[in-house]
Amino acid sequence: MSQTGIFADDHFHDECGVFGIFGHAEASKLTYLGLYALQHRGQESAGIASTEGVDLHVHRAMGQVQEIFTPEVVAHLPGSAAIGHTRYSTAGDTTLINAQPVVIDCNKGKLALAHNGNLTNALQWRRRLEHKGSIFQTTSDTEVIVHLIARSAARNLSGAIADALNQVEGAYSLLLLTRDEMYVIRDPRGFRPLCLGRLGNAWVAASETCAFDLIEAEYVREVEPGEMVRISRSGIESIRFAEKPHQFCIFEHVYFARPDSLVFGRPVNESRERLGRLLAREHPAPADMVVPVPDSGVPAAVGYASESGIPFRMALIRNHYIGRTFIEPSQAIRDFGVKLKLNPVRAMLEGRRVVLVDDSIVRGTTSRKIVRLVRDAGASEVHVRISCPPTISPCHYGVDTPTREELIGANHSVEEIRQFLGADSLGYLSYENLRRAVDDRDGTFCTSCYTGIYPTEFVQLEVAHQEASHRGIPRGVSPVEEKRES
């Protein structure tokens, strides 16, 4: 039985991670290490494409990075340039055929493409391209970009890439590898992180700076939204291909990114501790200890404890060594999946009032089991504190999220959620304090999952039509018109 099937957690699932290096003799080995550092961004499949200047070599497989890239596999990925990808499916099926990098041989040469994000108009473009004779090998939205590049009338590759990207909408942090060049590209709104670094004379690119730390590369800067960085033996060139209002994913700072990373120019751990501090001011609790839900709740719990003066205690211990498969007992054990991951320290919890800090509640099912776990261990009170506002809308920009109907925050009041969790009290961080924690004074962060307001027109129209259809409004009538008529 698969690990996922038994104790799938109650978080938004990480999207994907990309890593690339150009100009290093051990490019594929360093790409393996970079992907290892980015494993938290996707655990379903991984792949590496490399080049020695003559051909592109690729290996992709289902599973995790360490399992896939044995020394023998890496040895068959020669060259001084490589890109890698670790994937959790957000668009397309969970199959090997959708693993990346995608490699094609077209009129623009042989290309390998690794994509973090999600194209919101991919389906429309796919239908249009198929009608014109394009044949798709995968169900991933990434292949749409490949076909648009191949069909471009631009004379050079950078022009073809810009031509293709100006026709798609949504989130994309891209690495593109040819036989002699690497392109590092970020969408005009900058939804997903992407940064540049140096390792000696080699250039490095990654979704997060924690990948640089592992290989001792020096962080240089972020790739700017709407920027295409072309790297070749001649050097590095920056090309601007589009400009739009910035919309950085705020959930990177709430949950996705590793706390030791620098994302959107901000230390993630600093943001999360600040979330916890603001949460303590907004929702104090009479308690004996602050306990994080590990691992993602730890920085916010540190901030909460520091601000409130309540002692911080690691009273839930996480098992980090669960295999990909295991034997489930035939006798039913209540909350088996949660117990497999978390074990309470009873001596700490017995008779104590606990503030339980986590980063988010999505469906609420796992949070409910954790509250019960803490109570069963002897806690006299459990006060749940969440370091973000209620999640009320799914993400359309590269995150695998439940539907609105499945989101507990979209369909129930805070009091109803508290009762469902079985907590003595429940406090969410306010939207204003969320933005304050990341210094979002100018609205440069995407907060769609908390507001239901999307920065791209196509998604917003689709959401409006869906809501209208639920209320029985004809598809041709906008909610604004319906409201005006009423």
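Residues numbered from 1 in each chain as written. Predicted model: local features only at pLDDT ≥ 70, side-chain atom pairs only at ≥ 80, totals over all residues. Heavy atoms only, no water.

**Overview of the sheet that holds strand 2 (residues 45-51)**
Step number 1: Taking strand neighbours across the sheet as the criterion, the seven strands line up as 3-2-4-1-10-9-11 in an open arrangement whose pairing is antiparallel. The open sheet terminates on both sides in strands that have one partner only, identified here as strand 3 (56-62) and strand 11 (218-222). Within this sheet the neighbouring strands show an average axis-to-axis angle of 15 degrees, counted without direction.
Step number 2: Note that strand 2 and strand 4 (residues 81-87) share seven bridges and pair antiparallel. The residue bridging Ala46 from the neighbouring strand is Thr86, located in strand 4. (Pairing = 2+ DSSP bridges. Helix = DSSP H or I, 4+ residues; strand = E, 2+ residues; numbered from the N terminus. Axes fitted to C-alpha atoms, helices over the stretch in contact; angles between N-to-C directions.)

**Topic: a nonpolar patch on the surface**
Step number 1: Residues Leu33, Tyr36 and Leu214 make up a contiguous nonpolar surface patch of about 260 Å² in total accessible area.
Step number 2: One can find Leu33 in helix 2 (residues 27-37).
Step number 3: The exposure class assigned to Leu33 is partly exposed, which follows from its relative accessible area of 31%. (Patch = residues over 30% accessible without salt bridge, like charges linked within 9 Å, V, L, I, M, F, W, Y side chains within 5 Å. Areas by Shrake-Rupley, 256 points an atom, 1.4 Å probe, with all protein chains shown as cover. Salt bridge = Lys/Arg side-chain N within 4 Å of Asp/Glu carboxyl O. Buried < 20%, exposed > 50% of the residue type's maximum accessible area, 1.4 Å probe, protein only.)

**Some thoughts on the pattern of salt bridges**
Step number 1: Counted under the stated rule, the structure contains 24 salt bridges.
Step number 2: The shortest N-O distance in the salt bridge between Arg192 and Glu252 comes to 3.0 Å. Within this pair, whereas Arg192 is found in the loop between strand 8 (182-186) and strand 9 (195-199), its partner Glu252 is found in helix 9 (residues 251-256), the two being separated by 60 residues in sequence. In this structure, Arg192 and Glu252 share a single accessibility class: buried.
Step number 3: The salt bridge involving Asp439 is made with Arg441; its shortest N-O contact spans 4.0 Å.
Step number 4: What you see here is one network of salt bridges that share partners, running through Arg41, Arg192, Glu208 and Glu252.

**So, empty space enclosed by the protein**
Step number 1: Under the definition given, this model contains three cavities of 30 Å³ or more.
Step number 2: If you add up the space inside the largest cavity, you get close to 100 Å³.
Step number 3: Arg192, Cys249, Cys395, Cys446 and Cys449 are the residues nearest the centre of the largest cavity, which is lined by 14 residues in total.
Step number 4: Going through the elements one at a time, helix 9 and helix 18 (448-451) are the ones with two or more residues in the lining of the largest cavity.
Step number 5: By residue class, the composition of the lining of the largest cavity is eleven nonpolar, two polar and one charged. (1 Å grid on protein atoms, 1.4 Å probe; cavity = no way out; pocket = protein on both sides within 12 Å on 5 of 7 lines; lining within 4 Å. Points joined across faces, edges and corners; volume = space filled by probe spheres on them. Nonpolar A, V, L, I, M, F, W, Y, C, P; charged D, E, K, R; others polar.)

**Here's the deal with the state of the cysteines**
Step number 1: What the rule picks out here adds up to zero disulfides.
Step number 2: Take Cys446: it sits in no disulfide, and the sulfur closest to it among the cysteines is that of Cys249, at 6.4 Å.
Step number 3: We classify Cys446 as buried; its relative accessible area is 9%. (Disulfide = S-S within 2.5 Å.)

**Re helix 2**
Step number 1: Of all eleven residues in helix 2, eight are buried, a share of seventy percent or more.
Step number 2: Regarding helix 2, the residues found buried are Ala27, Ser28, Leu30, Thr31, Tyr32, Gly34, Leu35 and Ala37.

**Topic: the sheet that holds strand 21 (residues 381-386)**
Step number 1: Ordered by their spatial adjacency, four strands build an open sheet running 17-20-21-22, and the pairing between neighbours is parallel. Both edges of this open sheet fall to strand 17 (289-292) and strand 22 (425-428), since each of them pairs with a single strand only. Across the sheet, the mean angle from the axis of one strand to that of its neighbour is 25 degrees, orientation sign disregarded.
Step number 2: Examined bridge by bridge, strand 21 and strand 22 share four bridges and lie parallel to one another. Directly across from Ile386, in strand 22, lies its bridge partner Tyr428.
Step number 3: Here helix 16 (residues 414-421) sits on the sheet in contact with strand 21 and strand 22, set at roughly 130 degrees to strand 22. (Contact = heavy atoms within 4.5 Å.)

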